[in-house]
Protein chains: 2
Amino acid sequence: MIEKKKNISMAVIKRLPKYHRYLQELINNDVDRISSKELSEKIGFTASQIRQDLNCFGDFGQQGYGYNVKDLYNEIGVILGLDKRYNTVIIGAGNIGQAIANYTKFDKVGFELTGIFDANPKMLGIKIRDVAIRDIDDLPKFLEENKIDIAIICVPRISAQRVCDEVLRGGIKAIWNFAPVDLDVPEDVTVENVHLSESLYTLVYQLNDK
Amino acid sequence: MIEKKKNISMAVIKRLPKYHRYLQELINNDVDRISSKELSEKIGFTASQIRQDLNCFGDFGQQGYGYNVKDLYNEIGVILGLDKRYNTVIIGAGNIGQAIANYTKFDKVGFELTGIFDANPKMLGIKIRDVAIRDIDDLPKFLEENKIDIAIICVPRISAQRVCDEVLRGGIKAIWNFAPVDLDVPEDVTVENVHLSESLYTLVYQLNDK
DNA sequence: TAGATTGTTAATCGATTAACAATC
DNA sequence: TAGATTGTTAATCGATTAACAATC
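Residues numbered from 1 in each chain as written. Chains lettered and ligands numbered in written order. Predicted model: local features only at pLDDT ≥ 70, side-chain atom pairs only at ≥ 80, totals over all residues. Heavy atoms only, no water.

Caption draft 1: Structural context of the relation of the copies chain B and chain A. Least-squares fitting of chain B to chain A yields an RMSD of 0.0 Å, with the transformation described by 0.0 Å of translation along the axis and a rotation of 180°. Viewed as a symmetry operation, the transformation between the two copies matches a two-fold axis. Closest approach to the rotation axis within chain B is made by the C-alpha atom of B:Ala99, at a distance of 3.1 Å. Both copies contact each other with a shared surface, as 100% of the interface residues of chain B are interface residues in chain A too. (Least-squares fit on C-alpha atoms with pLDDT ≥ 70 in both. Contact = heavy atoms within 4.5 Å.)

Next comes the structure, spelled out in structure tokens:
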């Protein structure tokens, strides 16, 4: 059983998906075991950091041996919560919303797209991978009738906070936000931002800096 | 003139676009001046951190007064390099590639989409906002004939490193990478990753943690 | 057993916050 | 001038790295 040792820092949490991805790759390459040193060379973190990170969640390794790749992959999957399924709704069926809706990979790892909502009447009824676009006014009723875990906000900046308030009223506790604003939410709600402009601007800074 | 004081840490750089965004908003609201304390309350960083961050690049404030919003906005724009124009190419015209291509906002702030490339022959010639999709085999020639600043990689995981190597040969020094891999590049090249899965997984971890 | 490598403590490094003199 | 707020140094906090005893 995985026992969290204490409060895990955000720095550690942000590295977990990367471990997961590299371990997946090792499995694909039929690697059975790996030491923190070998993993360090691949992933680019220090061996020390890898051992520290993993020890936040349990003793997954074995002295003199290293880590069993498959076991560690599964453990990290459980830590991240990837062993469960999640119902999602996308709000805003513009460029980004459609791209996410069409991104079949998320389906495969347990994220089910349950609804897509848009304010534009012209979009209503159009299907994206078998999910018809609904009127955003139907969102409150939909959230009442369905157990939704994650709202994916892809609306323009100006309507993002309004949509956010709406999904909060619907009881949602996790928001994946693509709108270029910092959403105002209560403490028990998690927002993960994908701020594309900020990412691009950071790139440009570095481009000029070199 | 902006004089960089020393090596700026990545933590500071990643905050710059957020300053830029909040200052834009203040301009929209006709706010002329702001103190680090007021900005702190809006943006959620400490006033101390804001002053420290800005002082990496110069003395933009005035004791007893605070900062001139418009000036500071422009200064940060220059620091980020947003006063210049950049030519971009998108490689991979799938969901994400198309979404980025259609994202008109980047055009407006100086990022010109010069070419879109895809390996799928069915896509060739299709236009996205006046830019026709070209064959990926024509990329080397295109990079030779055009001065491209930024390559936006939106191809599947499996072909990302190959495409990356190709743009490196074409002399590109900045890559915005949407493929779920860590690209291998020489030291003088900057890669900024948008790893959507990692972002989603981090959200899920936090959802379960609360 | 001997060698390898973990788990974990201690040391170091860097980033954030606090404090305050400088100055508008 | 007095009040406000910066720029900047010093203190604190947290995260990373190093070291090594434990142990497989």
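Caption draft 2: Here's a closer look at the side chain of A:Arg15. All names here are of chain A. Position of Arg 15 among the secondary structure elements: in helix α1 (residues 10–28). A polar contact is formed between the side chain of Arg 15 and the side chain of Asp 53, at a distance of 2.6 Å. Contacts of Arg 15, omitting those with residues within four sequence positions, involve Phe 45, Gln 49 and Asp 53. (Helix = DSSP H or I, 4+ residues; strand = E, 2+ residues; numbered from the N terminus. Polar contact = N/O pair within 3.5 Å; in protein donor to acceptor, adjacent residues only side chain to side chain.)

Caption draft 3: Just the UniProt feature "DNA-binding region" (unreviewed entry) in chain A, in detail. In the UniProt entry, the feature "DNA-binding region" (unreviewed entry) is given for residues 18–57 of chain A. Along residues 18–57 of chain A, the helical share is 70% and the strand share 5%, with 16 Å between the first and last C-alpha atoms. (UniProt positions renumbered as here; feature names shortened; annotations may be inferred.)

Caption draft 4: The arrangement of the protein's contact with DNA strand D in detail. Taken together, 26 residues form the shell around DNA strand D, and within it A:Ser48, A:Gln52, B:Ser36, B:Arg51 and B:Gln52 come nearest. When the atoms of DNA strand D within 4 Å of the protein are sorted by group, sugar and phosphate make up 54%. B:Asn55 has a polar side-chain atom sitting 3.0 Å from a phosphate oxygen of DNA strand D. B:Tyr67 is positioned with one of its side-chain polar atoms (N or O) 2.8 Å from a phosphate oxygen of DNA strand D. Mapped onto the surface near DNA strand D, the elements with two or more residues apiece are α1 and α3 (47–55) of chain A together with α3 (47–54), β2 (61–62) and β3 (66–68) of chain B. In terms of residues, the surface near DNA strand D owes the most to one element, α3(A), which gives four residues. A breakdown of the residues in the surface near DNA strand D according to their chemical character gives four nonpolar, 17 polar and five charged. (Near = heavy atom within 4 Å. Nonpolar A, V, L, I, M, F, W, Y, C, P; charged D, E, K, R; others polar.)

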